[in-house]
Amino acid sequence: MEVAGCSGAGQAGPASKQSIREKIWAHLEASGLAEFPRPVHHRIPNFKGSHQACQAIKELEIFDRTREIKVDPDKPLEGVRLAALQARKTLLVPTPRLRTGLFNQIVPPLGATKEILRKCATSQGVKDYSVPIGLDAKVKVDLVVVGSVAVSEKGWRIGKGEGYADMEYAMMVSMGAVTEDTPVVTIVHDCQVVDIPEELLGDHDLTVDYILTPTRTIKTNCKRLKPKGIIWQKVSYEILGKIPILKNLRYREKQAGKDVTLQDEHPDFPNASIPAVLEDTAKTENTRPHTGTSPAHIGHCSPGNDSLSAKSDVPGAFTTVYVGNLPAGTRVSELKSTLRELHVTPLRLNWQGAQHRAFLDYKDKVTAESAVSSLKGLSLGGCTLRVELAKNQRSKGQVEINRNLAPQGK
């Protein structure tokens, strides 16, 4: 089907996803259909009538029986988030650009008024009233709602070009949060429903089962298979660095015996493509001043001695990550191997196995927070590790942490 104003994405030449995006963005702006935030270019566009389109979800039988619903944080989906909260469903929203995890659950305060619920449904409310959900949480999403730039009546979808919705869905498959039968809904303006050549779609592209517009509800009966998980061959080290939680999922899948070879890895030449973060770590270690003992690197761990060099004894020189709940009998080599697998090798590891904990030094807070995101929910020996920034940073060669982080009992 071709829609006036937005159709003919490939009329002037071979169609591409980007040419379709550009035509729709331009039409929404030129026709006065675009709504805040503007311009709509390079966004999941908000449009006049988005709230009306969102309200149509309440008419779907699948919404009635839904208990947990995942809704993207885009502005045109605000009405769906509000409807979910008003219906007292568990509302999950992906973290922005997946920087700190996969989901946040929106938790309104007890006795929330209609006005508070409206605020909870906004982007600011997502920040103010959410709690993170770890990989080990038993999440079972009954309904997925995504934004789109373009969609066809066959259920083929085009996003804004960054691939986050596709990646979120693949990650949900990997963690068992969705199945092939989990319905996917998108909310768009009527002019965003266009013909999309099937040859533009890849095996990583998410398809949709329902399209809600201000005037129509379209059941696509899409026959094209949805992604069956993360296609690691399409993931680069750059993406792995931008989405820390991917490192955790990759580690888990590797442990399960799956092929997790990355796009820019070369199995025949394993050292040919080393991510920059690892190169930086290696350079730091090679140029660090030596103390009277062995070099300070991850291979040198002393349970009773903090072997910081003179340079690193300066308070605040590093940001320290606390790793607790290490199971009895865990060897330092196991933790080191895991850190390397997840590409979160620290500048220094202080092993305190007798206390079931370790401390990891990173060059700055950004690197440390990325490591925390990668390690969240990780299990060793059947125990889920407790991972967070240390309450106090290193001072005078010792790690001090708040008493409430100390292991309970013997």
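The name given to the chain in an unreviewed UniProt entry is Methenyltetrahydrofolate synthase domain-containing protein, with Alligator mississippiensis as the source organism.

(A) Geometry of the packing of helix H9 (residues 244–255) against helix H12 (residues 365–375). Orientation of H9 relative to H12, taken along the N-to-C sense of each, is 35 degrees, at an axis distance of 7 Å. Judged by the sense of rotation from one axis to the other, the crossing of H9 with H12 is right-handed. Along the contact surface, H9 presents Pro-244, Ile-245, Lys-247 and Asn-248, while H12 presents Ser-370, Ser-373, Ser-374 and Leu-375. Its residues placed into classes, the contact of H9 with H12 shows three nonpolar, four polar and one charged.

(B) Summary view of the packing of aromatic side chains. For the structure shown, the criterion picks out one aromatic pair. Aromatic side chains Tyr-322 and Phe-359 sit 5.7 Å apart centroid to centroid with 55 degrees between the ring planes, which places their arrangement in the tilted category. Placement of the pair is Tyr-322 in strand E11 (residues 319–324) and Phe-359 in strand E13 (residues 357–362), with a sequence separation of 37 residues. Both residues of the pair, Tyr-322 and Phe-359, belong to the buried class.

(C) Main features of the environment of Lys-223. Structurally, Lys-223 can be placed in the loop between strand E10 (217–219) and helix H8 (237–242). Under the relative-accessibility criterion, Lys-223 is labelled exposed at 74%. In this structure, the C-alpha to C-alpha distance between Lys-223 and Asp-209, residues 14 residues apart in sequence, is 9.4 Å.

(D) Examining helix H4 (residues 78–86) more closely. Among the nine residues in H4, eight count as buried, and that is most of the element. Restricting attention to buried positions, one finds in H4 the residues Glu-78, Gly-79, Val-80, Arg-81, Leu-82, Ala-83, Ala-84 and Leu-85. A positive backbone phi angle near 60 degrees is found at Arg-88, which sits one or two residues after H4.

(E) The arrangement of the environment of Pro-227 in detail. Along the polypeptide, Pro-227 turns up in the loop between E10 and H8. Taking the relative accessible area as the measure of exposure, Pro-227 reaches 6% and is therefore buried. For Pro-227, the contacting residues outside a window of four places in its chain are Tyr-169, Val-173, Asp-203, His-204, Asp-205 and Leu-206.

(F) Fine view of the nonpolar core. Within the largest apolar cluster, 44 residues are counted, with the highest numbers of intra-cluster contacts made by Ile-57, Ile-69, Val-145, Val-185 and Ile-187. If you tally residues by element for this core, the top one is H4, at five residues. Other than its neighbours up to four places away in sequence, Val-185 contacts Leu-60, Ile-62, Leu-143, Val-144, Val-145, Val-146, Tyr-210 and Leu-212. Formed by 38 residues, the second largest nonpolar core is a distinct cluster that contains Leu-92, Tyr-164, Met-172 and Tyr-237.

(G) Geometry of the sheet that holds E13. Spatial strand order, E12-E13-E11-E16: four strands in an open sheet with antiparallel pairing. On the outer flanks of this sheet lie strand E12 (348–352) and strand E16 (386–389), each paired with one strand and no other. Direction aside, the axes of adjacent strands within the sheet are offset by 15 degrees on average. Pairing analysis gives six bridges linking E11 to E13, with the strands arranged antiparallel. Its bridge partner being in E13, Gly-324 is matched across the sheet by Arg-357. Taken strand by strand, helix H11 (residues 332–341) contacts E12 and E13, and its axis lies near 145 degrees from that of E12. Against the sheet, H12 makes contact with E11, E13 and E16, and its axis sits at roughly 165 degrees relative to E16, the strand it touches most.

Definitions and cut-offs
Residues numbered from 1 in each chain as written. Predicted model: local features only at pLDDT ≥ 70, side-chain atom pairs only at ≥ 80, totals over all residues. Heavy atoms only, no water. Axes fitted to C-alpha atoms, helices over the stretch in contact; angles between N-to-C directions. Helix = DSSP H or I, 4+ residues; strand = E, 2+ residues; numbered from the N terminus. Left-handed = near helix turned anticlockwise from the far one by under 90°. Contact = heavy atoms within 4.5 Å. Nonpolar A, V, L, I, M, F, W, Y, C, P; charged D, E, K, R; others polar. Phe/Tyr/Trp six-rings, centres within 6.5 Å; stacked < 30°, edge-to-face > 60°. Buried < 20%, exposed > 50% of the residue type's maximum accessible area, 1.4 Å probe, protein only. Core = buried A, V, L, I, M, F, W, Y, C linked by side-chain atoms within 4.5 Å. Pairing = 2+ DSSP bridges.

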